[in-house]
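Chain and residue survey
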Amino acid sequence: MNFKLHVWRQKNAAAKGRMEQYEARDINADMSFLEMLDVVNEDLVEKGIDPIHFDHDCREGICGACSLVINGLPHGGMTGTTCEVRMRLFKDGSTIYVEPFRAKAFPVIKDLTVDRTSIDRVMQAGGFVSTHTGAAIDANAILVPKDKAEEAMDAAACIGCGACVAACKNASGMLFVAAKVSQLALLPQGQAERERRVNKMVAMMDIEGFGNCTNYYECEAVCPKDISVKFIAKMNREYMRALVK
Amino acid sequence: MSTVKTQVSPAQAQVTFIASSIGKKIFMATTGLFLFLFVSGHMVGNLQIFLGQDQLNTYAQALKDLPALIWPVRILMFIFFAVHIWRGIQLYFENKFSRPISYACNATVQAPLSSRTMIFSGAGILLYVVYHLLHFTFITTNPQYAGLHDTVGRHDVYSMVIFGYQNVAISVVYLVAMFSLCYHLSHAIPSFMQTIGLNNEKWEPRLKALGYLIAIVIFFGYSVIPAAVLSNLIVLPEGVH
Ligand code: SF4
Ligand code: FES
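Residues numbered from 1 in each chain as written. Chains lettered and ligands numbered in written order. Predicted model: local features only at pLDDT ≥ 70, side-chain atom pairs only at ≥ 80, totals over all residues. Heavy atoms only, no water.

Considering the packing of helix 5 (residues 174-186) of chain A against helix 8 (residues 230-244) of chain A
All names here are of chain A. Closest axis-to-axis distance for the helix 5/helix 8 pair is 8 Å, and the angle between their directions is 65°. Classified by the interaxial angle, the pair formed by helix 5 and helix 8 is roughly perpendicular. Read as a crossing pair, helix 5 and helix 8 show a hand that is left-handed. Note on element contacts: helix 8 touches helix 5 through F231, I232, K234, M235, N236 and E238, opposite M174, L175, V177, A178, A179, V181, S182, A185 and L186. For the contact of helix 5 with helix 8, a count of residues per class yields 11 nonpolar, two polar and two charged. (Axes fitted to C-alpha atoms, helices over the stretch in contact; angles between N-to-C directions. Helix = DSSP H or I, 4+ residues; strand = E, 2+ residues; numbered from the N terminus. Parallel < 35°, antiparallel > 145°, perpendicular 65-115°, else oblique. Left-handed = near helix turned anticlockwise from the far one by under 90°. Contact = heavy atoms within 4.5 Å. Nonpolar A, V, L, I, M, F, W, Y, C, P; charged D, E, K, R; others polar.)

The structure is reproduced here in structure tokens:
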């Protein structure tokens, strides 16, 4: 397969970037999107051009390192992460736009690599349970009702990739923050710090410069882990509850 | 560096409730709710035109005779309207600045157009409200209506409305404005429920449908008046011309 790529190139955080055109030739249809970029990069290196920088780690949809906005949608808007997107899903000969996750809270480091440590700082503000756990306790020592456990697990599926922010027209971080707030609010271990957690995480989210949610639900549509916007409603509830507590 | 930034004291987090992103949402939602209640009440009031001249003029006179009721309502509505608009504009720009460089290729999966054009439908409503007040409340645009009185000497609101909507241009502007209003409401209603935390995956499609349903009811509830005037279903009382 062959593709025409429009890729965002930016030397460093301070430089002004721009879209550049590249050809991706003889691409195997079963390659992942990142493998396709590897092929393009080999070609660029041979030509003495600086290869396209992008984030990746596990390449199997679990770590949340890969990013990229493909044809206007984070992770290509398909099920799963960019590393799971296969080239057979694109039309042979088509043009593909590849851009970094864009948000004030995600400044570009180089090319398609962005600094997503703002997510970590929001997590550090409250996305934890302050107990010394010691050795792993017996699995049934703390009983959790099945439905609560399931729901908490759905929320815990967030891999912190930031696609929700990249997809949101307001670059809001509500979905990943809501996922963590909800997960811990559902579990007995999260109760002691429940109000403090939501207050601090929301305050930090605002400090980091994420936008305000206006209920577009674009986040949910692109989330590789299918985190539901119902968790945002839940976080709004948690936030009001914290106010009157 | 980041170590300083992670220090959010619980007190700091609490005082910022109204300034926080969620506080702002709740603020927009609650002011919007009051405006919506007013719009619904106003519609029911207006629909009395179908009960005839006497009923509508009696209702209008009754409101006038209750300054202790209408003035507080007017003042509150003015405040809610003003802050809803002010905050809406602020949010619009804050959200624009949250993505300093926009995408070269834009795509949308599920956000309806109504949700992405709230600032414009809102601007449409604002413009219309200003005109509407000049037209019917302050009677500035058509001063000849001020002197209309019915047979028992009350201000003849009934004839004023009919004269107004017999003008096709005024009726068309009205219909466009009602469309803006209802377009705005179709996103506002499910959005309100989400913001106050009353939503989940089971209720989401229902609330969306409810938003459209209420928007349609409001649209027809208002639009039926100029439609009835233009199609001569409602006509001027005997002797008024
Ligand atoms: S909520 Fe979904 S899109 Fe957002 S960071 Fe988590 S996994 Fe990624
Ligand atoms: S590289 Fe780990 S999720 Fe894509």
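Comments concerning the site of ligand 1
All names here are of chain A. For ligand 1, the full set of nearby residues is C158, I159, G160, C161, G162, A163, C164, L175, F176, C223, P224 and I227. Breaking the shell around ligand 1 down by element, the ones donating at least two residues are helix 4 (163-167) and helix 5. In the shell around ligand 1, the residues fall into 10 nonpolar, two polar and no charged. (Near = heavy atom within 4 Å.)

Focus on the interface of chain A and chain B
Accessible area lost upon the coming together of the parts serves often as the stated size of an interface. Contacts between the two partners involve 57 residues from chain A and, on the opposite side, 49 residues from chain B. Taken together, the two surfaces of chain A and chain B that pack against each other cover about 4500 Å², and 56% of this comes from carbon and sulfur. The three residues of chain A that bury the most area against chain B are R102, N212 and Y239 of chain A, which together make up 14% of that side's buried surface. Counting the contacts that link chain A with chain B gives one salt bridge. Counting the contacts that link chain A with chain B gives 30 residue pairs in polar contact (both at pLDDT 80 or more). For the side of chain A that touches chain B, the secondary-structure elements that each account for two or more residues are strand 5 (95-99), helix 2 (117-126), helix 4, helix 6 (194-207), helix 7 (218-222) and helix 8 of chain A. At 10 residues, the largest contribution of residues to the side of chain A that touches chain B is made by helix 8 of chain A. Looking at the side of chain A that touches chain B residue by residue, the classes come out as 33 nonpolar, 11 polar and 13 charged. (Buried area = accessible area lost by both parts, 1.4 Å probe. Salt bridge = Lys/Arg side-chain N within 4 Å of Asp/Glu carboxyl O. Polar contact = N/O pair within 3.5 Å; in protein donor to acceptor, adjacent residues only side chain to side chain.)

Focus on the nonpolar core
F106, F176 and M235 of chain A are the most contacted members of the largest nonpolar core, which totals 50 residues. Looking at this core, the elements that each hand over two or more residues are helix 2, helix 4, helix 5, helix 6, helix 7 and helix 8 of chain A together with helix 3 (21-46) of chain B. It is helix 5 of chain A that contributes the most residues to this core, seven residues altogether. Each of domain 1 (3-110) and domain 2 (117-244) of chain A contributes no fewer than three residues to this core. Counting residues in hydrophobic clusters, the runner-up holds 33 residues, among them L56, I139, M178 and I189 of chain B. (Core = buried A, V, L, I, M, F, W, Y, C linked by side-chain atoms within 4.5 Å. Buried < 20%, exposed > 50% of the residue type's maximum accessible area, 1.4 Å probe, protein only. Domains from an automatic or database assignment.)

Here we look at the sheet that holds strand 5 of chain A
All names here are of chain A. Taken in spatial order, the five strands line up as 2-1-5-3-4 in an open sheet, and their pairing is mixed. Every other strand in the sheet has two partners, leaving strand 2 (18-24) and strand 4 (73-74) as the edge strands with one partner each. Bridge analysis of strand 1 (residues 3-9) against strand 2 gives seven bridges, and the strand direction is antiparallel. The partner of K4 across the bridge, within strand 2, is E23. Together, strand 1, strand 2, strand 3 (69-70) and strand 5 form the strand contacts of helix 1 (residues 33-46), whose direction differs from that of strand 2 by roughly 90°. (Pairing = 2+ DSSP bridges.)

Considering the side chain of T81 of chain A
All names here are of chain A. Looking at the element boundaries, T81 is found in the loop between strand 4 and strand 5. The class for T81 is buried, based on a relative accessible area of 1%. The residues contacting T81, other than those within four sequence positions of it, are G61, C66, H75, I159 and P224.

A word on the domain arrangement of chain A
Residues and elements named next belong to chain A. We note that the domain assignment places domain 1 (3-110) and domain 2 (117-244) within chain A. Taken together, the contacts link 16 residues of domain 1 with 17 residues of domain 2. At the boundary of domain 1 with domain 2, total buried surface from both sides reaches about 1200 Å², with 66% on carbon and sulfur atoms. By the criterion of area lost to domain 2, the three top residues of domain 1 are P74, A105 and F106, representing 36% of everything that side buries. In this assembly, domain 1 and domain 2 are joined by zero salt bridges. Applying the counting criterion to the domain 1 and domain 2 interface returns two residue pairs in polar contact (both at pLDDT 80 or more). Residue composition of the side of domain 1 that touches domain 2, by class: nine nonpolar, five polar and two charged.

Some points on helix 9 (residues 168-195) of chain B
Two residues of an α-helix separated by three or four positions point the same way, owing to the 3.6 residues in each turn. All names here are of chain B. With 28 residues, helix 9 extends 40 Å from end C-alpha to end C-alpha; this agrees with the ideal 40 Å at 1.5 Å per step. Roughly 25° is the biggest bend found in helix 9, and it falls at A188, with proline P190 one to four residues downstream. In the segment just after helix 9, G197 is the residue with positive phi, at about 90°. (Expected span 1.5 Å × (residues − 1). Bend = angle between axes of the 7 residues up to and from the residue.)

What about the pattern of salt bridges?
In total, this model carries 17 salt bridges over all chains according to the counting rule given. Between R88 of chain A and D30 of chain A there is a salt bridge; the shortest N-O distance is 2.7 Å. One end of the pair, R88 of chain A, is in the loop between strand 4 and strand 5; the other, D30 of chain A, is in the loop between strand 2 and helix 1, with 58 residues separating them in the sequence. In this structure, E193 of chain A engages R197 of chain A in a salt bridge whose closest nitrogen and oxygen atoms are separated by 3.9 Å. A residue is classified by how much of its surface remains accessible, and E193 of chain A, at 11% relative accessible area, is buried. Within the structure, one salt-bridge network assembled from shared partners comprises E151 and K230 of chain A together with E201 of chain B.

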